[in-house]
Each structure stands twice: as structure tokens, then as C-alpha cells.
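# Per-entry structural report
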Amino acid sequence: MNHARTIAMATTLLADGRVEDVAAMVEPLLDPVTAPAASTGQILLRGLLARVEVTHRDRSGRALELLPTAEAVSDSCTCVRADVALWRGWAHVRRSESVNEATRGLHLLKEGRELFASICDPVGRCWALLGQATAYSALDEHGLRHRVLDDASGLLDRLQDAQAEQWLQQLRRRAPSASSGHDEPPSGPPTDPTTTVDGFVAESREMQAVAATIRKIQPSRSPVLITGESGAGKRLVARTIHATSPRADGPLEHVSCAPTQAGASLEAQLFGAQTDDSSHTGAVQAADGGTLVLEDVDALPPPLQSSLLDLLNGAAPPATEAADDALDVRVLATTTADLDARVEEGRFRPALRNRLRVISLHVPPLRERRPDIPLLARHFLDRMRPEGSALVSITQPAMEALLRYNWPGNVRQLRNEIERALVHVQSEPAPTITLDMLLDAIVENARERTSPDTSPNASDAILEPDQTLNDVLSRTEKSVIERVLQACDGQVTASADVLGLTRQGLYKKMKRLGIDASAFQPTSEPTPAS
């Protein structure tokens, strides 16, 4: 039996809180199962029902009956082992308040969380963290509970799981306050980079600086010049400036000044046209009370440059019936060109350049903000998967290859690559993007950029007389963490996501191994453009 569709539908129903519908759908499909002979889909179905039993009906015994033991599925695929460890762990934690049961459950939940991290499954990781928080409550480890709840909260901000959100809030209500004498939680939850500014998906310091500038200019009505390479995200920045400004409820009009655009003349598109018989409203009039985005403004013909300058200086558009018609339009212009060079060549009016760049924003290319790659990849996967289908994971080797590639087409190329790879994803045993699904150029580039100094060879792994196995493993672990930190410009949150760890977990490893993240960060601090 192909269970993929049922699993996807049941997962969606659970995320919407329709628990009884899930039970009604899954229970008739359960066959007697003896792992490891049982199919992957059958065990995953049982995992879904175990989740219903243990988190919504408090029937932990029933959940344990549904699932095989973790040892019985040790040779099955990772997603099955993760699911069994997760929901058996939950069942033990919820079964009693005893220290033994809570400790046993905590061990399984940690195992499940690591397995889900290895297949880049944020939903599984989130539920494992919530289970750990429940275990820490039973063990009176309130400081640890605060930490895992913060980690779960960071994941939930990027997911849509109503039931997980309810559990998080319930656990927070049951948690003692920081002043109650228990361990203090961390200084604050990790900032969720996807909510720094509405619509942004960013972890890098470079894009955080762009976001800071957008926040700074929110009340402004001045024009903004947005520069950057093709595909870097200039249109997104323009939309975000509009969406976070007092004009957010007003219209947003886009016009491309590129000469390849077909249809009506550019002048008519911008300012409209009037004849004896009819009139046509342009984007300038349509954007009254809102924002006009001019893409590739460097391609604007000289006569229209004069008209645009007049508009920015408060004059009425050429096609407006009355000269005293007052239009309230904010202009955002984007370009991939160097406007200073265009001015020197005599192809762009210096007065218009100066007026447009009252506020300037530069969108850095993706190769200069690699910490954003894991977040963007996850964002595109979540948006492009078919409605009702299961979450798609990315293996760690595939993610490392994406991190090392230089992306000449920037974010647009990354999106296209994720969309292309999705075509090759199989629904069984679990939808996953692997290294062999990526373009050859990306895989070959990743291999070329792998430094031989960062990969221990066979001779390095041989124990010296004064070394233990732990010494060798620590050295290898340190090498891997440093390599990922290097690729992520020292950004701990992005590095933890690639490594399949929580931010707190990576901090602990770095402290133990003597790794300083600041050593891998660029030497100069990014300064918001103004």
C-alpha cells in the first residue's frame, strides 16, 4: 500500500488541529506490524496515530503498543527511526511523573531530535524539543526547559503547526517564572531571522543591516535607490519598504524600464496617455497614495528622466488633465548598473541620480551572505511543495553543496534550483533532496571548494601513543564545525541549522572545543546605507 498521500493528508489535518479526523483516517489502515519487516509507510502511519494518542488523549500505553521498539527499526530508514524514537519518547514522558520514565523518554527524544536534524526535518525537531521540555518539567530542570522552549519557539515561527503552538503555550503557562528561584533562562530567545522585517528571510549580518535600514526609513516619504546584482532580491526589498511604511494600505505599482518590455510605450505605462477620444491612466496616477517601483531605472530614456525628475520635485505628470492635480507617490528605483558611470557617460541625468539616492540601499549578492542559504532553501521548499504534501528535507551533504556554490544568479537561481530538485524527489520512504539531485555544476563546485586541510585523512585518524579515541573524535568534530562556521561567515544560527543542532547545542560544543565564532566573521561590520 502506498501510504504517502495518507501521511501527507493526516499531517496537514494534525497541523490544523483536526485530531479526530486523523484518527478516523489512519486507524482503518493499520495492519499488524512487526519491525523491521514492516513497510516504512506503515510505521509512519502508526507514528501519526501515536502522536494523537500521546499528545491529545493522554493514552501513552496505546502509543507504545502501536510502535515497534527503537531497536527493532535500527536498520530501517532514518525517518522511521526518528519517528519511532520521537513518539516512544513522548509516551514514556507522559506515562508517569517518575524520574526513570522521564529520563528514558528524554533519551529517546534527544535521539529523535538528532535524527530529524540529520534529514533537515524542522517539524520533527520541533516536536522533539517540546517533548524534551515536558521531560524537563517532570525532572524539575526548569532552566533546561526554558532553553528548549526557546529553541522550539524559534522553529515554530517558521512552521504552521497549530497543535505544536498550543503545546508550546501550555508548557510556557506551566513554566515557573524566572524569579521563582529556578535556573535563569538564557538572556533571550534567539532572534528569528525570518521575522526581522515582514517578508524577509535573512540570517546574515549583511541582510540584517538592510533590514535595519528599512526599519529606520519606515516613516520617510523620500525616494529610495536600491542597487544590487540581478536576482539578488531588489524587488523583495522594494515590496518590503512599501509593506512596512505608512503607505502599506495604498497601491503598489511596478514598471520595468528595460527596453525589452513589450506592449504600450514606456511613457504611456508611466504617465498615461490622452487623445481626443480617450484617456489612459499610467502607473504614476495608479500609485497615488502608495508606492511606484521603477525597475532598471538606468534604462529610462532621457526625455522620461526629465519627466520623472519633475514628478519627484512635485510637478504634475505630463498626461494629467489639470496642472494642479496633487499626486502623493513615493518612488523606489532599482538598478543593477553603476549610475555614477552612467552619468559620466552622459546617459543619465546627474540631478535625477542625486534625487533618487536620497536614501540608498545595496542588496548584497548571495555569495556574500551564505548564512541566508539554509533559510532560503527551507523557505522555498515550504512554499513550492504541493498543498497537503509532506515536508521535504535536504540532506546535510546537499546543503553543504548549496552553501559552497557561488550562485551567479543569486537568490533567483537558488529558487530555480530548489524547484528543479523538487521534481526528482520521491515520496517514499520520505521526500528528501539529496546531493545527486543537484546540478552537476553545484556538486563539482562543492568538491573543488572543499579544503583538504579541513578533512582528516587516514593517517590523522590513527591514535598516537598519548591520544585516546575521544581526542581524535573531538579533533574531527572541531574540524567539521569550523568548516561550517567558515561557510556561514561565523553565524551560529545558520551553522547550527546546517549541522542539525540547536543554537544552544552548537554553543556548548564550541565552548567545549574552544571554538570562537567571531574568528570566522568578516572583519568589518556592515553599516546600513543611508
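Residues numbered from 1 in each chain as written. Predicted model: local features only at pLDDT ≥ 70, side-chain atom pairs only at ≥ 80, totals over all residues. Heavy atoms only, no water.

## Regarding unusual backbone geometry
Condition: Secondary structure elements are taken from DSSP: a helix is a run of H or I of four residues or more, a strand is a run of E of two residues or more, and numbering for both begins at the N terminus. Buried residues are those whose accessible area, probed at 1.4 Å on protein chains only, stays under 20% of the maximum for their type, while exposed residues exceed 50% and partly exposed ones sit between those limits.
One non-glycine residue, Trp407, lies in positive phi territory at about 50°. In this fold, Trp407 is placed in the loop between helix H18 (396-404) and helix H19 (410-423). With a relative accessible area of 0%, Trp407 lands in the buried category. One non-glycine residue, Asn410, lies in positive phi territory at about 60°. Its location among the elements puts Asn410 in helix H19.

## Topic: the nonpolar core
For soluble globular proteins, nonpolar side chains are generally found buried alongside one another. The test is simple: Definition used in this section: a nonpolar core is a set of buried Ala, Val, Leu, Ile, Met, Phe, Trp, Tyr and Cys residues joined via side-chain atoms within 4.5 Å. Contacts were defined at the residue level, with two residues in contact if any of their heavy atoms lie within 4.5 Å.
Among the nonpolar cores identified, the biggest contains 45 residues, and Leu86, Trp87, Trp90, Cys126, Trp127 and Leu130 are the most heavily contacted of them. Elements supplying a minimum of two residues to this core: helix H3 (40-56), helix H4 (60-66), helix H5 (78-95), helix H6 (99-118), helix H7 (122-138), helix H8 (142-156) and helix H9 (162-174). Those residues in contact with Trp127 that sit more than four places away from it in its chain are Arg51, Thr55, Leu86, Trp87, Trp90, Asp161, Gln163, Ala164 and Trp167. Membership of the second largest hydrophobic core comes to 44 residues, among which are Leu402, Ile418, Ile481 and Val498.

## A few points about empty space enclosed by the protein
Note the threshold: As defined here, a cavity is a set of points on a 1 Å grid over the protein atoms alone where a 1.4 Å probe fits but cannot get out. A pocket is an open set with protein on both sides within 12 Å along at least five of seven lines, and residues line them when an atom is within 4 Å of a point. Grid points are joined across faces, edges and corners, and a volume is the space filled by probe spheres set on the points. Throughout this entry, Asp, Glu, Lys and Arg are counted as charged residues, while Ala, Val, Leu, Ile, Met, Phe, Trp, Tyr, Cys and Pro are counted as nonpolar. The remaining residues, Gly among them, count as polar.
As enumerated under the stated definition, the model contains 4 cavities of 30 Å³ or more in all. Counted as a void, the second largest cavity has a volume near 160 Å³. Elements supplying a minimum of two residues to the lining of the second largest cavity: H7, helix H17 (372-384) and helix H23 (492-499). If you tally residues by element for the lining of the second largest cavity, the top one is H17, at 4 residues. The residue inventory of the lining of the second largest cavity, partitioned by class, reads 10 nonpolar, no polar and 5 charged.

## Some details on the pairing of strand S5 (residues 291-295)
What counts, and what does not: Strand pairing requires that DSSP identify at least two bridges connecting the strands.
With 5 of 5 residues buried, S5 is to be regarded as a mostly interior element. Side chains Thr291, Val293 and Glu295 of S5 all project onto a buried face; the interleaved residues Leu292 and Leu294 project onto the opposite face, where all are buried too. Pairing analysis gives 4 bridges linking S5 to strand S6 (residues 330-335), with the strands arranged parallel. Counterpart to Thr291 in the pairing with S6 is Arg330.

## Side note on the packing of aromatic side chains
Definition in use: When the centres of two rings from Phe, Tyr and Trp lie within 6.5 Å, Trp using its six-membered ring, the rings pair. Their planes under 30 degrees apart give stacked, over 60 give edge-to-face, and anything left gives tilted.
By the definition in use, this model includes 4 aromatic pairs. Aromatic pair Trp87 and Trp127: ring centres 5.6 Å apart, planes at 55°, arrangement tilted. Placement of the pair is Trp87 in helix H5 and Trp127 in helix H7, with a sequence separation of 40 residues. For Trp127, a relative accessible area of 2% puts it in the buried group. By the ring-pair criterion, three or more aromatic residues cluster together here, those being Trp87, Trp90 and Trp127.

## Things to note about the pattern of salt bridges
The following threshold applies: A pair is scored as a salt bridge if a Lys or Arg side-chain nitrogen falls within 4 Å of a carboxyl oxygen belonging to Asp or Glu.
Considering all chains together, one arrives at 13 salt bridges under this definition. Where Arg369 meets Asp372, a salt bridge forms, and the shortest distance between an N and an O atom there is 3.4 Å. The class of Arg369 is buried, set by a relative accessible area of 2%. Each member of the salt-bridge network shares a partner with another, and the members are Arg221, Arg247 and Asp328.

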